[in-house]
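Given next are the chains, with one letter for each unit.
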Amino acid sequence: MTGQQPIRFGTDGIRGRAGEFLTPNLALSLGYWVGEVLRQTTDAPQRPFIIGQDSRNSSDMLATALAAGLTAAGFEVWNVGLCPTPCIAYLTATTEAIGGAMISASHNPPADNGIKIFGSDGTKLSPDLQKEIEAHLNAGLSLPHTEQWGHLHHRPELLQRYRHAVQAPLEDRQPLRGLRVVLDLAWGSAVSVAPTVFHALGAEVIALHDRADGDRINVNCGSTHLEPLQQAVRETRAAMGFAFDGDADRVLAVDSQGRVVDGDHILYFWGQRLQSQAQLPKDLIVATVMSNLGFERAWQARGGQLVRSAVGDQYVHAEMLRHGAMLGGEQSGHILCRHYGVGGDGLLTAVHLATLVQDSRLSLDQLRDQSFTPYPQILRNVRVEDRQRRLHWQECEPLQQMIAKAQLDMGDRGRVLVRASGTEPVIRVMVEAEQQSVAHYWTETLVQTVAAHLAA
């Protein structure tokens, strides 16, 4: 059905090139088997299933095929249309839905797409359920014959429930009144709701890339390309700017000088706020292995604790539940605050960061200056097409020897992180050190080692 490679859930669902790996047939089968597997988890199997999508040209095709599979399994399907990923997580958790799906490849280029599946609690499906669905997909069986078909309903009005949930805790006092902000909407999901919410909270909004455009989603804009946002903030003399990715589940900020305020800074600021309000149990924040050592040591200096998880918001969420944490996230801008939701939400994060800045009576520039000095950190991607080599990179002895040399050389003044991406065919190499020259040397050395022994 899908060619040579087996179907696997990555760190953010199933993702790949639309029309090649991610085909209508795959989406159809996925919809059917998701429905069949989820049906076994509930005593009320006739509950609806919710679908949303980003602006990619392939999203209509995949959403339609996924809905066909779900209706073939007998489910009612509510299609919200263009919306952020956290909208689907929120609606799935707060309605009678049995599950939800978002059609998006997040920050990936326009030709890619993906399908993220959520359980009835609004969180990503458990590994056990993912494996069960994978087994059905990889068996390559035809769908069983049935005449108990479901129906598809277009429900764009459900987006307003999510919008209200984001702004309701703040809108009575319009905390952003008079604040000029620039929003880079990346031609994606954020266009459907972000300007409306910021306007409702009193902000003066300057929007970039503010139409749904499947040809240009994430292209030289959004959270992976901050230059247009930085330039616009400086030119318009805005107080701050926010850049979303294609499905708006993450956000990065810039201050009025155009300096980057990443997920580590956001966690630090929000952690301080919750700590002062006695709303941060054990003064604990969950971050990932990518978070900067400067952030970790600054937070510990405040008496806080920091627990690290694997990369991926589902792993952050799992550690938050395990430790009873209320705040966690990733350097890349996925921020989870359990006071307000169950998953990463770029819009909610942006609104609360802007409100926090306003309430502090300081500028974002001043807050950034008073926070922490990040260690120099260099991240490089090395493309490794061979999937087996990529997933089993730990078995490469020359690379392991070079990592050991780097760690011995830096001691407690730096660290190395090498990992296979869960969303792209690359090995990610990250080196962090007190001195930029040391970080640069070991990054280049490790990248060359990966290229020589894994990418060749």
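Above this text is the structure in question.
Note that the structure is a prediction, hence the values are computed from the model and not measured. (Residues numbered from 1 in each chain as written. Predicted model: local features only at pLDDT ≥ 70, side-chain atom pairs only at ≥ 80, totals over all residues. Heavy atoms only, no water.)

> Residues and numbers for the environment of Phe 372, please.
Assignment of secondary structure puts Phe 372 in the loop between α12 (364-369) and β16 (377-383). Note on Phe 372: relative accessible area 9%, which makes it buried. Once residues within four sequence positions are removed from consideration, Phe 372 is found in contact with Asp 264, His 265, Tyr 268, Gly 294, Phe 295 and Ala 298. (Helix = DSSP H or I, 4+ residues; strand = E, 2+ residues; numbered from the N terminus. Buried < 20%, exposed > 50% of the residue type's maximum accessible area, 1.4 Å probe, protein only. Contact = heavy atoms within 4.5 Å.)

> With reference to specific residues and values, describe the sheet that holds strand β7 (residues 180-184).
Pairing within the open sheet is mixed, and its five strands lie in the order β8-β7-β9-β10-β11. Unpaired on one side and paired on the other, β8 (204-208) and β11 (260-261) mark the two borders of the sheet. Packing of helix α7 (residues 227-236) onto the sheet brings it into contact with β7, β8, β9 (240-244), β10 (251-255) and β11, and relative to β7 it is tilted by some 160 degrees. Strand contacts of helix α11 (residues 346-360): β9 and β10, with the helix running at about 170 degrees to β9, the strand carrying the most contacts. (Pairing = 2+ DSSP bridges. Axes fitted to C-alpha atoms, helices over the stretch in contact; angles between N-to-C directions.)

> Just give me the short version of the nonpolar core, but keep the residues and values in it.
Membership of the largest hydrophobic core comes to 64 residues, with the highest contact counts inside it found for Leu 183, Phe 198, Phe 242, Phe 244, Phe 295, Leu 327 and Leu 347. Every residue in contact with Leu 327, bar those within four places of it in the chain, is listed here: Leu 267, Trp 270, Gly 271, Leu 274, Leu 280, Leu 284, Ile 285, Val 286, Met 320, Ile 335, Leu 336 and Cys 337. Residues Val 37, Leu 38, Ala 72 and Ile 98 belong to the second largest nonpolar core, which totals 34 residues. (Core = buried A, V, L, I, M, F, W, Y, C linked by side-chain atoms within 4.5 Å.)

> Residue-level account of the packing of aromatic side chains, with values.
Using the criterion set out here, one finds nine aromatic pairs in the structure. Their ring planes at 40 degrees and their centres at 5.8 Å tell us that Phe 198 and Phe 242 sit as a pair that is tilted. Taken together, the positions of Phe 198 in helix α6 (residues 194-200) and Phe 242 in strand β9 put the pair 44 residues apart, joining distant regions of the chain. You can call Phe 198 buried: its relative accessible area is 0%. When the ring of Tyr 268 is compared with that of Phe 269, the centres are 6.4 Å apart and the planes differ by 70 degrees; the resulting orientation is edge-to-face. Of the two residues, Tyr 268 and Phe 269, neither departs from the other in class, the shared state being buried. Seen from the ring of Trp 78, Arg 155 lies directly overhead, with NZ or CZ sitting 4.7 Å from the centre. Cation over ring: Arg 216 sits above Trp 187, and NZ or CZ is 3.9 Å from the ring centre. (Phe/Tyr/Trp six-rings, centres within 6.5 Å; stacked < 30°, edge-to-face > 60°. Lys NZ or Arg CZ within 6 Å of the ring centre and 35° of its normal.)

Interpretation in functional terms is not warranted from these geometric data alone.
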